[in-house]
Amino acid sequence: DKNTLISGSNDNKIKIWENKVLTKTLHDHTNTISSIIHLESDKNIIVSGDSDGSIIFWNIQKKFQPVKNISRKDYLSINDTEIDILNLLELPSQNILLITTLVSTITFMSLSNYKVLRNLKLEKGIRCLKQLVNDEGLAFTIDKDVIIWK
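Quantities reported herein were computed from a predicted structural model and do not represent experimental measurements.

Peer 1: Account for the overall build of the protein chain, with residues named and values stated.
Peer 2: Counting its secondary structure elements, the protein chain contains zero helices and 14 strands. Here the protein chain holds 150 residues, and 39% of them are scored as buried. Sequence separation of 24 or more characterises 30% of the internal contacts of the protein chain that already satisfy a separation of 6 or more. When the accessible surface of the protein chain is totalled, it reaches about 8,700 Å², and 46% of it is carbon and sulfur.

Peer 1: Outline the side chain of Thr100, listing residues and values.
Peer 2: Among the secondary structure elements, Thr100 is positioned in strand β9 (residues 96-101). Judged by relative accessible area, Thr100 falls into the buried class, the value being 0%. At a separation of 2.7 Å, a polar atom in the side chain of Thr100 contacts the side chain of Asn87.

Peer 1: Before we move on, can you summarise the pairing of strand β4 (residues 33-38) with the specific residues and values?
Peer 2: Where β4 meets strand β5 (residues 45-50), five bridges bridge the pair, whose relative direction is antiparallel. Within β5, the position partnered with Ser35 by the bridge is Gly49. What sits between the antiparallel neighbours β4 and β5 is a turn of six residues.

Peer 1: Please give an account of the sheet that holds strand β10 (residues 105-110) that cites residues and values.
Peer 2: Across the sheet, which stays open at both edges, the four strands sit in the order β8-β9-β10-β11 with antiparallel pairing between neighbours. At either end of the open sheet lies a strand with only one pairing partner, and these are β8 (85-91) and β11 (116-121). The sheet shows a mean angle of 15° between the axes of neighbouring strands, taken without regard to direction. As defined by bridge partners, β10 adjoins β11 across five bridges and the pair is classed as antiparallel. Pairing of Phe108 across the sheet is with Arg118, part of β11.

Peer 1: Lay out the nonpolar core in plain terms, naming residues and giving numbers.
Peer 2: Counting residues in hydrophobic clusters, the biggest one holds 15 residues, and the most contacted among them are Val47, Ile55, Phe57, Tyr75, Leu88, Leu97 and Ile99. Ignoring anything within four residues of it in the chain, the contact list for Leu97 reads Ile37, Val47, Phe57, Leu88, Leu89, Glu90, Thr107, Phe108, Met109 and Leu111. In this structure, Leu26, Ile33, Trp58 and Phe64 belong to the second largest nonpolar core, which totals eight residues.

Peer 1: Give a description of the pairing of β10 that names residues and reports values.
Peer 2: Taking burial as the measure, the six residues of β10 include six buried ones, the bulk of the element. Residue alternation in β10 divides its side chains into two sets, Thr105, Thr107 and Met109 and Ile106, Phe108 and Ser110, and both sets are buried. As paired elements, β9 and β10 share five bridges and run antiparallel to each other. Bridge pairing in β10 links Thr100 to Ile106. Counting the residues that bridge the hairpin from β9 to β10 gives three residues, and of these Ser104 lies at a positive phi of roughly 65°. Taking the residues that link successive antiparallel strands as the turn, the β10-β11 hairpin has five residues, and the phi of Tyr114 there is positive, at about 65°.

Peer 1: Account for the sheet that holds β5, with residues named and values stated.
Peer 2: Consider a sheet: its strands pair through backbone hydrogen bonds, and that pairing is either parallel or antiparallel. In spatial order, the strands read β4-β5-β6-β7; together these four strands make up an open sheet with antiparallel pairing. Edge positions in the open sheet fall to β4 and β7 (65-70), since each of these has one partner strand only. Taking each pair of neighbouring strands and ignoring which way they run, the sheet shows an average axis angle of 20°. Strand direction decides the pairing type here: β5 and strand β6 (residues 55-59), joined by five bridges, are antiparallel. The residue bridging Ser48 from the neighbouring strand is Ile56, located in β6.

Analysis parameters
Residues numbered from 1 in each chain as written. Predicted model: local features only at pLDDT ≥ 70, side-chain atom pairs only at ≥ 80, totals over all residues. Heavy atoms only, no water. Helix = DSSP H or I, 4+ residues; strand = E, 2+ residues; numbered from the N terminus. Buried < 20%, exposed > 50% of the residue type's maximum accessible area, 1.4 Å probe, protein only. Contact = heavy atoms within 4.5 Å. Areas by Shrake-Rupley, 256 points an atom, 1.4 Å probe, with all protein chains shown as cover. Polar contact = N/O pair within 3.5 Å; in protein donor to acceptor, adjacent residues only side chain to side chain. Pairing = 2+ DSSP bridges. Axes fitted to C-alpha atoms, helices over the stretch in contact; angles between N-to-C directions. Core = buried A, V, L, I, M, F, W, Y, C linked by side-chain atoms within 4.5 Å.

Structural data, given as structure tokens:
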């Protein structure tokens, strides 16, 4: 809906704004909200990530009830306390969620069963992750470089 804004912040809450009025606050995260996306493949779902690596899938039609909670242990095998999800990105044509973290990983997760398909460990962290037009690849930044990955 063009009149709806969904925001997250360092108070661990997600806020839903409709026509510039706060209509709902979601309290399920325990750390700073660092990324929120609306799935293109399922318009009823938003996905949020926080600074401890937790990911929550929310159902808009069911009054923003959580439908799936994923902890960092479900997709990363490291014990670093500063995981911090930097980016969430859906690849709708492949039914994949990409997760980038402060510990320089890219996780490819199936949106069908929430299973990890692949984890890539990079030498440096990704600060920005975007999908190219027509699903032609990914663009991401490492330090001051922009990398195109097809």
